[in-house]
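Okay, here's what each chain looks like letter by letter:
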Amino acid sequence: MAITSGRNFWCLCSSILLIAAPSAAAETKLFDSVQVTPASEYTFGIEGPAADLDGNLFVVNLGKAGTIGKLPAGAAASELFTTLPEGSVGNAIRFDRSGAMFIADYKKHNIFTIAKESTEPAVWFHSDEMNQPNDITVARDGTVYASDPNWKGREGHIWRIAKAADGTVQGQVMPAPRAMGTTNGIDLSPDGKTLYVGESSSGQIWSYTISGNELTGAKLVKSFQPDTVDGLRTDVAGRLYVARILKGTIALMKPTGAVEREIALKGKEPTNLAFGGSDGKTVFVTQRQGGFVEAFRTDQPGREHCLQRGRC
């Protein structure tokens, strides 16, 4: 969540995302971000981008809270995909290996799922014990990990949500070796053994080893300035892409915390990002400042894109 306190080759041209021939796509400059949707399409709560294997991008809060927008492959403007039940507001979207969509509803403490080829959200998991499900990531076996921040208390934790042997979906807070700050961006390493968590309050990125229902081996990966980190994603090489809200960049760094580059963006308030395009190497960024999506090309596909293809 943004901090509220103080099939196609893609060519990014003239603020319009166009389908192009492979040769043109190959000539696209890496890490050169371009606005791809009109300003003010989305609300101040623009978040949760995720792309399917057909090249469509999905983003929460198109025009008003509680909606999910869809940017079709090759399109220059979003269209309404679905609306969540009354009172629910999405914050994060992810896809699993089957193509099912998962949405974190921070208002009503739900995780919704939408089956492939459907637009109807169904409650997959609910808990009144949550502060709010903020960002989510999906493992190879379908387990969902959700960050659960307490913004006022500047603290948080991580939920593990998965199907039990009897088919019911069960969730629990994962014990961790340290007290966490406001847990926000979250993603897995390509092998699924490490969970990366960004803490907005401290500006820190931490890694944890997943040991069943517990988080162990806490390691500080990187310290940024407090309140300057939001969503994060990993690529198939294990690198992290961190949305530097208020700074207007995406920090691309190694698992060691070494920053390879800071990718300059058009807007100054990136909330989250997602890998998409036919090869998973187009990175879409949601911008709270201006309510639009921008995108750039990178050199490695994202973990989630690889997961959807059944290769990770």
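Structure: above.
Remember, predicted model here, so these are calculated numbers, not experimental data.

Draft legend 1. Looking closely at the overall build of the chain. Secondary structure summary: the chain contains two helices and 26 strands in total. Relative to its length of 312 residues, the chain is compact, with a C-alpha radius of gyration of 18 Å against a globular reference of 20 Å. The principal-axis extent of the C-alpha atoms belonging to the chain is close to 50 × 40 × 40 Å. The buried share of the chain, taken over its 312 residues, is 58%. Accessible area for the chain stands at about 11900 Å²; split by element, carbon and sulfur atoms hold 49% of it. Counting 32 positive and 33 negative side-chain charges, the chain places the centres of these two groups 5 Å from one another.

Draft legend 2. Quick look at the sheet that holds strand S25 (residues 282-287). With antiparallel pairing, four strands are arranged side by side in an open sheet as S3-S26-S25-S24. Two strands lie at the open edges of the sheet, namely strand S3 (34-35) and strand S24 (270-276), each paired on one side alone. Both S24 and S25 contribute to a ladder of six bridges, which runs antiparallel. Residue pairing in the sheet places Gly276 in a bridge with Thr282 of S25.

Draft legend 3. Looking closely at the state of the cysteines. According to the stated counting rule, one finds one disulfide in the structure shown. With its sulfur 1.9 Å from that of its partner, Cys306 forms a disulfide with Cys312. For the disulfide bridge between Cys306 and Cys312, the dihedral angle about the S-S bond is near 95 degrees, and by the sign convention the bridge is right-handed. The two residues Cys306 and Cys312 agree in class, both being buried.

Draft legend 4. A look at the packing of aromatic side chains. The tally for this structure, following the rule as stated, stands at six aromatic pairs. The interplanar angle of 70 degrees and the centroid separation of 4.9 Å between the aromatic rings of Phe58 and Phe81 together place this pair among those described as edge-to-face. Residue Phe58 is found in strand S5 (residues 57-62), and its partner Phe81 is found in strand S7 (residues 79-83); the two are separated by 23 residues along the sequence. What makes Phe58 buried here is its relative accessible area of 4%. Aromatic ring contacts, followed pair by pair, group Phe58, Phe81 and Phe95 into a single cluster. Just above the ring of Trp206 sits the side chain of Arg178; from NZ or CZ to the centre is 3.6 Å.

Draft legend 5. Looking closely at the sheet that holds strand S12 (residues 136-138). Pairing is antiparallel across the open sheet formed by four strands, whose spatial order is S12-S13-S14-S15. Across the chains shown, the open sheet's two edge strands, defined by having one partner strand only, are S12 and strand S15 (169-173). Direction aside, neighbouring strands of the sheet carry axes that sit 20 degrees apart on average. With seven bridges joining them, strand S13 (residues 144-150) and strand S14 (residues 155-163) adopt antiparallel strand pairing. For Pro149, the partnering residue across the bridge sits in S14 and is Gly156.

Draft legend 6. The arrangement of unusual backbone geometry in detail. Non-glycine residue His109 carries a positive phi angle of around 60 degrees. We note that Asp227 has phi near 65 degrees; this positive angle belongs to a residue other than glycine. Within the secondary structure, Asp227 is located in the loop between strand S19 (214-223) and strand S20 (232-234). In this structure Asp227 comes out as buried when scored by relative accessible area, which is 15%.

Draft legend 7. Representation of the environment of Gly74 in the model. Within the secondary structure, Gly74 sits in the loop between strand S6 (67-71) and S7. Placed 38 residues apart in sequence, Gly74 and Val36 show a C-alpha to C-alpha distance of 9.9 Å.

Draft legend 8. The nonpolar core, seen in detail. Counting residues in hydrophobic clusters, the biggest one holds 14 residues, and the most contacted among them are Phe102, Ile111, Trp124, Phe125, Ile136, Val144 and Ile161. The set of elements that each furnish at least two residues to this core consists of strand S9 (101-105), strand S11 (122-126), S12, S13 and S14. Dropping the residues within four chain positions of it, Trp124 is found in contact with Phe102, Ile111, Phe112, Thr113, Gly142, Val144, Ile161, Ala162, Lys163 and Val169.

Draft legend 9. Geometry of the pattern of salt bridges. As enumerated under the stated definition, the model contains 13 salt bridges in all. Note that Arg94 is salt-bridged to Asp187, the shortest N-O span being 3.3 Å. With Arg94 in strand S8 (residues 90-95) and Asp187 in strand S16 (residues 183-188), the pair connects residues that are 93 residues apart, well separated along the chain. Grouping residues by exposure puts Arg94 and Asp187 together as buried. The partner of Arg239 in a salt bridge is Asp299, with the nearest N and O atoms 2.5 Å apart. Of this pair, Arg239 sits in the loop between S20 and strand S21 (240-244) while Asp299 sits in the loop between strand S26 (292-297) and helix H2 (303-308), and the two are 60 residues apart along the sequence. The network of salt bridges with shared partners includes Arg94, Asp187, Arg233, Arg303 and Glu304.

How each quantity is defined
- Residues numbered from 1 in each chain as written.
- Predicted model: local features only at pLDDT ≥ 70, side-chain atom pairs only at ≥ 80, totals over all residues.
- Heavy atoms only, no water.
- Helix = DSSP H or I, 4+ residues; strand = E, 2+ residues; numbered from the N terminus.
- Rg over C-alpha atoms; globule rule 2.2 N^0.38 Å.
- Buried < 20%, exposed > 50% of the residue type's maximum accessible area, 1.4 Å probe, protein only.
- Areas by Shrake-Rupley, 256 points an atom, 1.4 Å probe, with all protein chains shown as cover.
- Lys, Arg positive; Asp, Glu negative; His and termini not counted.
- Charge placed at Lys NZ, Arg CZ, Asp CG, Glu CD.
- Pairing = 2+ DSSP bridges.
- Disulfide = S-S within 2.5 Å.
- Phe/Tyr/Trp six-rings, centres within 6.5 Å; stacked < 30°, edge-to-face > 60°.
- Lys NZ or Arg CZ within 6 Å of the ring centre and 35° of its normal.
- Axes fitted to C-alpha atoms, helices over the stretch in contact; angles between N-to-C directions.
- Core = buried A, V, L, I, M, F, W, Y, C linked by side-chain atoms within 4.5 Å.
- Contact = heavy atoms within 4.5 Å.
- Salt bridge = Lys/Arg side-chain N within 4 Å of Asp/Glu carboxyl O.

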